[in-house]
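# Notes for the structure review
The chain contents come next:
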Amino acid sequence: YYGSSNALNTKSCEDASRVHGQVQCDSPYALVDLVFKQIAQLLIEDDDGSNAPVEFMVVTGDLARHATEQLDDPVSEMKHILGNVGRHLHSTITETLNHSLPIVADIGNNDVTPDYYIDLVDPSETLEIV
């Protein structure tokens, strides 16, 4: 979505000088990458044992933007966004720790489309996204 024709303030979203992002735009890849690398560094056990080994990670959701129903193909694009974030986090952690770490993710209110909505009678489309 970042920088697409559907984005709010598209011109400012494409401003590469805003490395930390812009209000009403998706987080730039460089910012997401930096955050994931910092998280991975925090998971490394120090030689003196001061950082206890981490057994798993919990991701608390809301990985996607608000108003997902405004995307061209909300379900497909949400799968793409959540999949990309999950794969990138997993690969960053694995590369840093030299082993895999279980990642448990929950569904945030903006990780479904439309926002805040889960069809409890037939949740198959929502579950397909995540």
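So, here is what we can say about the structure in this document. As the structure is a computational prediction, the values presented were derived from the model and not from experiment.

This next bit is on the side chain of D115. Take D115: it is sitting in the loop between β2 (103-105) and α4 (124-129). Residue classification places D115 among the buried residues on the basis of a relative accessible area of 19%. Within polar-contact distance, the side chain of D115 engages the side chain of N110 at 3.1 Å.

What follows concerns helix α2 (residues 29-42). End to end, α2 covers 20 Å across 14 residues, agreeing with the expected 20 Å (1.5 Å per residue, within 8%). Those residues of α2 lying buried are L31, D33, F36 and A40. The inward-facing, buried residues of α2 contact α3 (74-97).

Looking now at the packing of α2 against α3. Interhelical geometry of α2 versus α3 gives an angle of 40° and a closest axis separation of 9 Å. One element, α2, and the other, α3, form an angle in the oblique class. As α2 packs across α3, the resulting crossing turns out to be right-handed. Here Y29, V32, D33, F36, K37, I39, A40 and Q41 of α2 come into contact with α3, specifically with V85, H88, L89, T92, I93, T96 and L97. Of the residues that constitute the contact of α2 with α3, the class distribution is nine nonpolar, four polar and two charged.

It is worth spelling out the side chain of T68 at this point. Relative to the helices and strands, T68 resides in the loop between β1 (57-59) and α3. Excluding residues that lie within four positions of it along the chain, T68 makes contacts with P74, M78, N110, V112, T113, P114 and D115.

Our focus in this paragraph is the nonpolar core. Formed by F36, A40, L43, M57, V59, V85, L89, I93, L97 and L101, the largest nonpolar core amounts to 10 residues. At the level of elements, α2, β1 and α3 are the ones that each hand at least two residues to this core. Broken down by element, this core gets its largest block of residues, four residues, from α3. When residues no more than four places from it in sequence are discounted, the contact partners of L97 are A40, L43 and I44. A64, V75, I81 and L82 belong to the second largest nonpolar core, which has seven residues in total.

Definitions and limits used
- Residues numbered from 1 in each chain as written.
- Predicted model: local features only at pLDDT ≥ 70, side-chain atom pairs only at ≥ 80, totals over all residues.
- Heavy atoms only, no water.
- Helix = DSSP H or I, 4+ residues; strand = E, 2+ residues; numbered from the N terminus.
- Buried < 20%, exposed > 50% of the residue type's maximum accessible area, 1.4 Å probe, protein only.
- Polar contact = N/O pair within 3.5 Å; in protein donor to acceptor, adjacent residues only side chain to side chain.
- Expected span 1.5 Å × (residues − 1).
- Contact = heavy atoms within 4.5 Å.
- Axes fitted to C-alpha atoms, helices over the stretch in contact; angles between N-to-C directions.
- Parallel < 35°, antiparallel > 145°, perpendicular 65-115°, else oblique.
- Left-handed = near helix turned anticlockwise from the far one by under 90°.
- Nonpolar A, V, L, I, M, F, W, Y, C, P; charged D, E, K, R; others polar.
- Core = buried A, V, L, I, M, F, W, Y, C linked by side-chain atoms within 4.5 Å.

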